[in-house]
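Chain by chain, the residues run as shown.
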Amino acid sequence: TFRLNGPKRHLLTGDVDLKLRNALHHGEAIALSWRSLQDRTQDLSLGLNYPYAFNTPFGADLSLKLFKQDTTFLQVTSRAGLEYLLPRGDKVSIFVNDKSSQRLGQQMTYVPGLADVKLVSYGIGLLRERYDYRFNPRKGLGIDIEGSVGKKHSSTDTFSDTVSTVQSSVQYELDGHVIWHIPVGRRGTVRLAAQGGSMVNGQLYSNELYRIGGIKTQRGVDEASIYASSYAIGTVEYRFLFEENSNIFLFTDQGWWEDQSRTPLLTDTPLGFGAGTSFETKAGIFSLTYALGRQFNNPIELRGGKVHFGFTSLF
């Protein structure tokens, strides 16, 4: 996926998603995602899901994520989960997350909002999907929710400090995503979606927060440009399905977020809206989305529109 952003110049960013299912004929799913964002920022994710291990209803879920914010910090998150597969593809999982966010460069002076953070958390999740067709649904409901709690160690020490100071605390996190497709007429559907997350801790730092914005969260906003300790995004989208894997759509994304790592508290209610299409060709599925957005009550400008286009190959 490539995106061209305004308003004064075109900015080209890259996004590659590779998902292989049953490539080894064991029902496994292998995922690789890479994003090259503005300001020399890189985002890489690797994942392996292996269901029905040893012919049992149990499976394994492993992932590794790396996020490098220019020369400011590097965040590494590893996850290991054990899943129990229910009838019709539902899943209940327990997992452990190991997240480390380290400041880069020689931290000679204290930088407000940044710290070296280490968080080991344990959680439980639930996934439930009831779609008539997974790739281009017209009706059905999907729920993906998980919560975790863990011990966090953080430090704002610099090289000039002679005594090391490490703070320990308990951190809670809750994340969820709900999608509901309501059929309208013979070929239409209304897609209602809600997604969000929240981190609860007395001391949060910007290099451990959620990064939202872009095609998968808040359309009309630059990719991963918003740092939030809590957020919620509601979506209303009308889709007209003219082929099995093809549609055209109109959408509105209304968001809310806050950043508790800042003093005073920073919060906003961004709005995004636009139109797009996905259509199947012999080579795969091509998608195109045009989105306009507004943040901090600034006026909406046509020259600030975001164009998202991508290609999906099914084989």
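Residues numbered from 1 in each chain as written. Predicted model: local features only at pLDDT ≥ 70, side-chain atom pairs only at ≥ 80, totals over all residues. Heavy atoms only, no water.

Just give me the short version of the pattern of salt bridges, but keep the residues and values in it.
This model, assessed by the stated rule, comprises 17 salt bridges. R128 is paired through a salt bridge with D90; the nearest N and O atoms lie 3.3 Å apart. Of this pair, R128 sits in strand 8 (residues 116-131) while D90 sits in the loop between strand 6 (73-85) and strand 7 (91-103), and the two are 38 residues apart along the sequence. The exposure class assigned to D90 is buried, which follows from its relative accessible area of 6%. The salt bridge partner of E208 is K152, with a shortest N-O separation of 2.9 Å. Of this pair, E208 sits in the loop between strand 11 (188-200) and strand 12 (210-212) while K152 sits in strand 9 (residues 140-155), placing them 56 residues apart in sequence. A single burial state applies to E208 and to K152, both of which are buried. (Salt bridge = Lys/Arg side-chain N within 4 Å of Asp/Glu carboxyl O. Helix = DSSP H or I, 4+ residues; strand = E, 2+ residues; numbered from the N terminus. Buried < 20%, exposed > 50% of the residue type's maximum accessible area, 1.4 Å probe, protein only.)

Let's hear about the environment of G89: which residues, and what values?
Tracing the backbone through its elements, the reader meets G89 in the loop between strand 6 and strand 7. Overall, G89 belongs to the partly exposed group, its relative accessible area being 42%. C-alpha of G89 to C-alpha of S45: the two residues are 44 residues apart in sequence and 24 Å apart in space.

Which residues make up the nonpolar core, and what values do they have?
Ranked by size, the top nonpolar core spans 16 residues in total, and within it I212, Y231 and W257 carry the most contacts. For this core, the secondary structure elements donating two or more residues are strand 12, strand 13 (226-228) and strand 14 (230-243). Looking at which element gives the most residues to this core, the answer is strand 13, with three residues. (Core = buried A, V, L, I, M, F, W, Y, C linked by side-chain atoms within 4.5 Å.)

An account of the packing of aromatic side chains is needed here, citing residue identities and associated values.
Applying the stated criterion across every chain, the model contains seven aromatic pairs. Judged by centre distance (5.3 Å) and plane angle (70 degrees), the rings of Y210 and Y231 are edge-to-face. Separated by 21 residues along the polypeptide, Y210 in strand 12 and Y231 in strand 14 bring together distant segments of the chain. You'll find Y210 and Y231 in the same group, each marked buried. (Phe/Tyr/Trp six-rings, centres within 6.5 Å; stacked < 30°, edge-to-face > 60°.)

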